[in-house]
Amino acid sequence: MMEVVELEKLRMPMTITALYILLNGLVTLSPSMVSSVYGYAVQDRGILLVLSSVFLGLAVLDWGIASNTTKYGGLAMYVVAGLVIGILWLLWGLSSHMFTFRNAGVPIVINLVLAAWIWSARPKS
């Protein structure tokens, strides 16, 4: 019973993560949205479409985990790993001057907050 209660703590951070990833997927459907949100001029619409599909697919997966944390809550640590990979890649792009702070700063902070929130909500067994 304690495990179920502990897994329920993952519902909110996983839902917020799913919504954040969904918004990224919707933004990346449009080069003009990417430009206005991230200040990044899109050079290749095809890559943007692929990126959007990855975000939208991941949002569905995250939503599925959030919808039934009792059954799928164990997968949340893999979501944390994915968020950390995103942080590392954004830092790499920032440090090699592929991105400006406007491009990468806010997503780094959001990913960091979500990863820490999910990590802190995990069952402590």
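Residues numbered from 1 in each chain as written. Predicted model: local features only at pLDDT ≥ 70, side-chain atom pairs only at ≥ 80, totals over all residues. Heavy atoms only, no water.

With respect to the packing of helix H2 (residues 11–27) against helix H4 (residues 45–67)
- Packing of H2 against H4 brings their axes to within 8 Å, and their N-to-C directions diverge by 160°. Judged by the inter-axis angle, H2 sits roughly antiparallel to H4. Taken as a pair, H2 and H4 cross one another with a handedness that is left-handed. Across the interface between the two elements, Arg11, Met14, Thr15, Thr17, Ala18, Leu19, Ile21, Leu22, Asn24, Gly25 and Leu26 from H2 touch Ser52, Phe55, Leu56, Leu58, Ala59, Asp62, Trp63, Ile65, Ala66 and Ser67 from H4.
- When the residues that make up the contact of H2 with H4 are grouped by side-chain class, the tally is 13 nonpolar, six polar and two charged. (Axes fitted to C-alpha atoms, helices over the stretch in contact; angles between N-to-C directions. Helix = DSSP H or I, 4+ residues; strand = E, 2+ residues; numbered from the N terminus. Parallel < 35°, antiparallel > 145°, perpendicular 65-115°, else oblique. Left-handed = near helix turned anticlockwise from the far one by under 90°. Contact = heavy atoms within 4.5 Å. Nonpolar A, V, L, I, M, F, W, Y, C, P; charged D, E, K, R; others polar.)

A word on the UniProt feature "transmembrane region" (unreviewed entry) in the protein
- Per the UniProt record, "transmembrane region" (unreviewed entry) is annotated on residues 21–41, 47–65, 72–92 and 104–121.
- Annotated as 100% helix and 0% strand, the span residues 47–65 places its first and last C-alpha atoms 27 Å apart.
- Annotated as 86% helix and 0% strand, the span residues 72–92 places its first and last C-alpha atoms 31 Å apart. (UniProt positions renumbered as here; feature names shortened; annotations may be inferred.)

With respect to the packing of aromatic side chains
- With the rule as written, the count across this model stands at two aromatic pairs.
- Ring centres of Tyr40 and Phe99 lie 6.5 Å apart, and the angle between their planes is 70°; on these two criteria the pair is classed as edge-to-face. Of this pair, Tyr40 sits in the loop between helix H3 (31–38) and H4 while Phe99 sits in the loop between helix H6 (76–95) and helix H7 (101–121), and the two are 59 residues apart along the sequence.
- The class for Phe99 is partly exposed, based on a relative accessible area of 26%.
- Where Trp89 meets Trp92, the ring centres are 5.8 Å apart and the plane angle is 80°; that geometry is what we call edge-to-face. Of the two residues, Trp89 and Trp92 both sit in helix H6, three residues apart, roughly one turn of that helix. For the residue pair Trp89 and Trp92, the accessibility class agrees, reading exposed in each case.
- Arg122 extends its terminal NZ or CZ atom over the ring of Trp119, reaching a point 3.9 Å from the ring centre. (Phe/Tyr/Trp six-rings, centres within 6.5 Å; stacked < 30°, edge-to-face > 60°. Buried < 20%, exposed > 50% of the residue type's maximum accessible area, 1.4 Å probe, protein only. Lys NZ or Arg CZ within 6 Å of the ring centre and 35° of its normal.)

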